[in-house]
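# Architecture and fold: a report
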Amino acid sequence: MSDLMKAAVVESFSQDLRIEKVPVPTPGPFEALVRVEFSGVCHTDLHAARGDWPVQPSLPFVPGHEGAGTVVAVGDRVTRVHVGQKVGNAWLAAACGECDFCESGWETLCPQQQNSGYSLNGSFGEFMLVDSRYCPIIPEGVDLASVAPVLCAGVTVYKGLKRTDTKPGDWVLISGIGGLGHIAVQYAVAMGRQVAAVDVDDAKLALAQRHGAAVVVNAREVSDPAARLQELTGGGVHGALVTAVNGHAFPQAVGALRRGGTVVLVGLPPEQFPLDIFTTVLFGLTVRGSIVGTRRDMAEALDFFARGKIHPTITTRPLADINDVLHELEEGRVDGRVVVRCD
Ligand code: NAD
Ligand code: ZN
Ligand code: ZN
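Rules used in this analysis
Residues numbered from 1 in each chain as written. Chains lettered and ligands numbered in written order. Predicted model: local features only at pLDDT ≥ 70, side-chain atom pairs only at ≥ 80, totals over all residues. Heavy atoms only, no water. Donors = N, O, S within 2.8 Å, 3.2 Å for Na, K, Ca; no water. Tetrahedral: all angles 85-135°; square planar, octahedral: opposite > 155°, others 65-115°. Buried < 20%, exposed > 50% of the residue type's maximum accessible area, 1.4 Å probe, protein only. Helix = DSSP H or I, 4+ residues; strand = E, 2+ residues; numbered from the N terminus. Near = heavy atom within 4 Å. Polar contact = N/O pair within 3.5 Å; in protein donor to acceptor, adjacent residues only side chain to side chain. Areas by Shrake-Rupley, 256 points an atom, 1.4 Å probe, with all protein chains shown as cover. Pairing = 2+ DSSP bridges. Right-handed = clockwise from strand over helix to strand, strands pointing away. Axes fitted to C-alpha atoms, helices over the stretch in contact; angles between N-to-C directions. Contact = heavy atoms within 4.5 Å. Phe/Tyr/Trp six-rings, centres within 6.5 Å; stacked < 30°, edge-to-face > 60°. Lys NZ or Arg CZ within 6 Å of the ring centre and 35° of its normal. Domains from an automatic or database assignment. Buried area = accessible area lost by both parts, 1.4 Å probe. Salt bridge = Lys/Arg side-chain N within 4 Å of Asp/Glu carboxyl O. Nonpolar A, V, L, I, M, F, W, Y, C, P; charged D, E, K, R; others polar.

What follows concerns the coordination of the zinc ion (ligand 3). For the zinc ion (ligand 3), every protein donor is listed as C96 (SG), C99 (SG), C102 (SG) and C110 (SG), and the spread of their distances is 2.3 to 2.4 Å. Seen from the zinc ion (ligand 3), its 4 donor atoms lie at angles of 106 to 115°, and the figure they make is tetrahedral. A relative accessible area of 13% means that C102 is categorised as buried.

Written as structure tokens, this is what we have:
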């Protein structure tokens, strides 16, 4: 192993990533060094590279939090993973393990958490470090390019769907059929929900239908998408998951709810939206946010994949294409998920 590796580095929020030679990191006591084979490209990587959010990453950094590869070295206190094992990174890189949130199975809310490809270097490189106590363990024998998108998109929508408090047979709306949304349709179908899908692009809606959506609405072509969804679902959806990267999608999803329904916000456009107090109160609506998933959610989401219930639509590209891929994501031109080959 040489001491240098190739990685895609963000040096400024206003410039493209640069493919550079950087030192291969050395694992600390609980860490594992992983040779990355594939990494999914999440819209969060784009928000990170552009510095979109209130808390920005410190420059320079390597994005990527859907990396899948093989453990090549471990720190001296590592017991959970071994050399040769397939593991991934995830947005939740590590948490403190001791706060009220960590103690109660909500490590995703830990104020001390570290995030891959944001507060720590991520998977857009030939090697990455993971915390062996938190990294996803990839089930044996699965295709690493296909499983990569489960590590963020999959676990996030799986957890988000659970948080809609719906049951089998209920209608759920998936708003935004991109990387997260097209996988959300599949988890929802696997969980026995009836799926309504909304996007602003017919190609994305066709993808939703291929993955099992029963009804689809193009929000750009229908004058009142919420009313149309109320009609198509016989009185509104029981739950909604908003993955769209556009503020308009959020009040539309609230408007599509049936009385007593829950909307789960997952997409992170740096915007606000108005919430009608009267309707929210009288119809007993719930609006909540959801951030990725815990280690337990991750194991469950990966198990759905291993049992053949989830088939991300992926396009594989070399890491060298990362800037083109981010531009395509920005312009809404990605079908499903792009997975970059890092080795
Ligand atoms: P993506 O770019 O692949 O998909 C976004 C989709 O939204 C596209 O299909 C686009 O056509 C659609 N869209 C745009 N405007 C719309 C509108 N008005 N109505 C409906 N659909 C519309 O992005 P992604 O990788 O799926 O990520 C989606 C968002 O989720 C990002 O903001 C990302 O940062 C966020 N995210 C959140 C979490 C979390 O834990 N909460 C985890 C991962 C990603
Ligand atoms: Zn992500
Ligand atoms: Zn904690």
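Following the structure, the description resumes.
Here we come to the coordination of the zinc ion (ligand 2). C42 (SG), H65 (NE2) and C152 (SG) make up the full set of protein donors to the zinc ion (ligand 2), lying at 2.0 to 2.3 Å. Counting along the primary sequence, the residues that act as donors to the zinc ion (ligand 2) give the motif C-x22-H-x86-C. With C42 in the loop between β3 (31–40) and α1 (43–50) and C152 in the loop between α3 (144–147) and α4 (153–162), the pair connects residues that are 110 residues apart, well separated along the chain. For C152, a relative accessible area of 5% translates into the label buried.

Below, the discussion takes up the site of ligand 1. Lining the immediate environment of ligand 1, one finds 30 residues, of which H43, T44, D199, V292 and R337 sit closest. Measuring from an oxygen atom of ligand 1, one finds a side-chain N or O atom of T44 at 2.7 Å. Measuring from an oxygen atom of ligand 1, one finds a backbone N or O atom of V292 at 2.6 Å. Taken by itself ligand 1 offers 870 Å² of open surface, and the protein chains cover 94% of this. Sorting the residues of the shell around ligand 1 by element identifies α1, α5 (179–190) and β10 (194–199) as the ones contributing at least two each.

What follows concerns the pairing of strand β11 (residues 215–218). Pairing of β10 with β11 involves 4 bridges; the strand directions are parallel. Among the inter-strand pairings, V198 is bridged to a residue of β11, identified as V217. Read as a crossover between parallel neighbours, the route from β10 over helix α6 (residues 202–210) to β11 is right-handed.

What follows concerns the sheet that holds β11. Strands sit in the order β11-β10-β9-β12-β13-β14 across an open sheet of 6 strands; the sheet is parallel. Edge positions in the open sheet fall to β11 and β14 (286–289), since each of these has one partner strand only. Averaged over all pairs of adjacent strands, the angle between their axes in this sheet comes to 15°, without regard to strand direction. Running at roughly 150° to strand β12 (residues 237–242), α4 makes contact with β9 (171–175), β12 and β13 (257–265) of the sheet. Docked against the sheet, α5 engages β9, β10 and β12, running at close to 170° with respect to β9.

For the bond from L59 to P60, the omega torsion is -10°, close enough to zero to count as cis. Within the element layout of this structure, P60 appears in the loop between α1 and β4 (67–74). Backbone geometry places D165, a non-glycine residue, at a positive phi of 55°. Looking at the element boundaries, D165 is found in the loop between α4 and β9. Relative accessible area serves as the criterion here: at 56%, D165 is assigned to the exposed category. With phi around 30°, V292 is a residue other than glycine that occupies positive phi space.

Here the focus is the packing of aromatic side chains. Taken as a whole and judged by the stated rule, the model has 7 aromatic pairs. On the numbers, 5.6 Å between centres and 45° between planes, the contact of Y158 with Y187 is tilted. Highlighted residues: Y158 in helix α4 and Y187 in helix α5, separated in sequence by 29 residues. The same class applies to Y158 and to Y187, which are both buried. Members of the aromatic cluster, joined through ring pairs, are W53, W91 and Y118. Cation over ring: R133 sits above F30, and NZ or CZ is 3.9 Å from the ring centre. Over the ring of W106 we find K159; its NZ or CZ atom is 4.4 Å from the centre of that ring.

A word on the domain arrangement of the chain. Taken domain by domain, the chain consists of domain 1 (4–152 + 293–341) and domain 2 (155–289). Computed from C-alpha atoms alone, the centre-to-centre distance between domain 1 and domain 2 is 26 Å. Contact residues are listed per partner, giving 27 residues for domain 1 and 23 residues for domain 2. In this assembly, domain 1 packs against domain 2 so that about 2100 Å² is buried in total across both faces, 60% of it on carbon and sulfur atoms. The three residues of domain 1 that bury the most area against domain 2 are D297, F304 and I310, which together make up 21% of that side's buried surface. Across the salt bridge formed by E300 and K162, the nearest N and O atoms sit 2.8 Å from each other. The interface formed by domain 1 and domain 2 includes 13 residue pairs in polar contact (both at pLDDT 80 or more). Elements with a contribution of two residues or more to the side of domain 1 that touches domain 2: α1 and α10 (295–306). Among the elements that make up the side of domain 1 that touches domain 2, the one with the highest residue count is α10 (5 residues). Residues belonging to the side of domain 1 that touches domain 2 are distributed by class as follows: 13 nonpolar, 8 polar and 6 charged.

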